[in-house]
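# Structure assessment
Single-letter residue listing:
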Amino acid sequence: METEGNSVELVDGDVVRQFARAAVLAALLGAVAPVAIPLPLSPAPITLQVLFVFLAGLVLGPVWGSVSMLLYLTAGAIGIPVFAGWEAGLGTLFGPTGGYLWSYPVAAALIGAVVHRGTDLRDPAAVPLPIVVVALVMGTIIIYGMGTAYAAWLLELEAWEAITGFALPFIPGELLKMAAAIAIVQSGRIEPIRS
């Protein structure tokens, strides 16, 4: 009996490290799922999850940041309770707040592309503050634009009704999350893995 001796090409160590960081960030995003404060005028609760979307783009960049968010969405889709309020399943992804969830990979990719000027990672602590702020504002607009538009379509809401129920109440919290994300990356304790 003769065995075939093909060589196996190993995955590059940087890819493994970036995937591990993406998985850890997705897990952290899911870990804050229980922290969901309901609002009386909105089916969407206040959560800490957008902070981790910000960090995905800032730290992991456009590619791995969006991979991290896709890992998170996949975990929730297969039934792991990682969505706000320990929710899970396809029903949540296609429910009234599903637009927010679908926006996470897009927002992380946009934030990462602006901060890192493409796919080559640089230290987010070294990026000028105005660029980071603009990137986070753009990401927030994507998240709330997609979340509000989807809810308006699904629930047949007028534009202003959707905006007042699905976007305006969250602005103060988003400003705090932006400040927290900036403080975390400016601390210099989290650096991207450069290729």
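Residues numbered from 1 in each chain as written. Predicted model: local features only at pLDDT ≥ 70, side-chain atom pairs only at ≥ 80, totals over all residues. Heavy atoms only, no water.

### What about the layout of surface pockets?
Summary: where empty space remains is shown by rolling a probe the size of a single water molecule over the atoms. Considering only enclosed or pocket space, the largest pocket measures out at about 260 Å³ in volume. Lining the largest pocket are 19 residues; nearest its centre among them are P45, T47, A84, T97 and Y100. Of all elements in the fold, only β2 (42-47), α2 (49-77), α4 (98-116), α5 (129-155) and α7 (171-186) reach the threshold of two or more residues within the lining of the largest pocket. Looking at the lining of the largest pocket residue by residue, the classes come out as 11 nonpolar, five polar and three charged. (1 Å grid on protein atoms, 1.4 Å probe; cavity = no way out; pocket = protein on both sides within 12 Å on 5 of 7 lines; lining within 4 Å. Points joined across faces, edges and corners; volume = space filled by probe spheres on them. Helix = DSSP H or I, 4+ residues; strand = E, 2+ residues; numbered from the N terminus. Nonpolar A, V, L, I, M, F, W, Y, C, P; charged D, E, K, R; others polar.)

### Focus: the confidence of the model for the protein
Per-chain confidence: the protein averages 89 in pLDDT, with 92% of residues scoring 70 or above. β2 is the least confidently modelled element of the protein, averaging 83 in pLDDT, while α4 averages 96, the highest of any element. (pLDDT = per-residue confidence, 0-100.)

### Observations regarding the side chain of Q49
Summarising the element assignment, Q49 is placed in helix α2. Of note is the side chain of Q49, whose polar atom sits 3.2 Å from the backbone oxygen of V82. Excluding its chain neighbours within four sequence positions, the residues that come into contact with Q49 are L29, V32, A33, Y72, V82, F83, A84 and Y104. (Polar contact = N/O pair within 3.5 Å; in protein donor to acceptor, adjacent residues only side chain to side chain. Contact = heavy atoms within 4.5 Å.)

### Remarks on the pattern of salt bridges
Per the stated rule, a full pass over the model turns up two salt bridges. Residues E174 and K177 are paired through a salt bridge, measuring 2.8 Å at the closest nitrogen-oxygen approach. Of this pair, E174 and K177 are both found in helix α7, three residues apart, which corresponds to roughly one turn of the helix. Considered together, E174 and K177 belong to a single accessibility category, that of buried residues. (Salt bridge = Lys/Arg side-chain N within 4 Å of Asp/Glu carboxyl O. Buried < 20%, exposed > 50% of the residue type's maximum accessible area, 1.4 Å probe, protein only.)

### Some details on unusual backbone geometry
For R117, which is not glycine, the phi torsion reads 55° and is therefore positive. Turning to its location among the elements, R117 is positioned in the loop between α4 and α5. You can call R117 exposed: its relative accessible area is 65%. Of note, the phi angle at E156 is positive, near 55°, even though the residue is not glycine. Inspection of the secondary structure puts E156 in the loop between α5 and α6 (159-166). Accessibility expressed as a relative area gives 72% for E156, which makes it exposed.

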